[in-house]
Amino acid sequence: MGRWARLGSRFDLEGCVHLVLLVPLTYGLGGLHALRLETVNKGDLWTSESLVDCAELYSSLALFAFHHLLSAYDADADELEVLPCAGEAALDSS
C-alpha cells in the first residue's frame, strides 16, 4: 500500500505504465503455460485454471493502474492551456 500512497510521483506513474504494458505478455504466457499443462496432464485442471485466474488478477491490477494514470493526466489537464484548432479559428473570424 505504501507504493500507491505516493500518488503523482514520477516513479509511480512509470510503474503504472510498465504494469499496463506487461498485461498482454503476462496473459499470453499464462495461457500458453496453462495450455501446455492441460495437454501434458489431462487430469489436473486446477493448475491450469489457477494460472488463468492469476492472469486475470494481474489484468485487474493493470486496470487499476490505468485508472490511476487517467486520474493523474486529468489532474494535469486542468493546468494546461487548450489552444483552439485551425478550424475553430476560421469559424470565429467569419
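Up top is the structure these notes are about.
Here, residues in each chain are numbered from 1, in the same order as that chain's written sequence. In keeping with the model being predicted, local features are shown solely for residues with a pLDDT of at least 70 and side-chain atom pairs are shown and tallied solely at 80 or more, while totals for entire chains, interfaces and linings include all residues. Values shown for side chains rest on all heavy atoms present in the structure; no hydrogens or waters enter the calculation.

Focus on the overall build of the protein chain
Under the scheme used here, helices are H or I runs from DSSP no shorter than 4 residues and strands are E runs no shorter than 2 residues, and both carry numbers assigned from the N terminus. Assigned secondary structure in the protein chain consists of five helices and zero strands. In sequence order, the secondary structure elements of the protein chain are arranged as α-α-α-α-α. Two residues qualify as a contact provided that any one of their heavy atoms is within 4.5 Å of a heavy atom in the partner residue. Within the protein chain, contacts between residues separated by at least 24 positions form 64% of all contacts whose residues are at least 6 apart in sequence. Each accessible area value is a Shrake-Rupley result obtained with a 1.4 Å probe; residue values ignore everything except the protein chains displayed when judging cover. A total accessible area of about 7,400 Å² is found for the protein chain, and carbon and sulfur atoms account for 67% of it.

Observations concerning the environment of Ala62
Mapped onto the elements, Ala62 comes out in helix H4 (residues 45-77). Exposure is judged per residue with a 1.4 Å probe applied to protein chains only, and the accessible area is read against the type maximum: over 50% gives exposed, under 20% gives buried, and values in between give partly exposed. We classify Ala62 as buried; its relative accessible area is 5%. Distance from Ala62 to Val20, taken between C-alpha atoms, is 4.9 Å for residues 42 residues apart in sequence. With near-sequence residues (within four places) excluded, Ala62 lies in contact with Leu19, Val20 and Val23.

Topic: the environment of Leu37
The residue Leu37 is located in helix H3 (residues 23-40) in this model. On a C-alpha basis, the gap between Leu37 and Thr47 in space is 7.7 Å, while along the polypeptide they are 10 residues apart.

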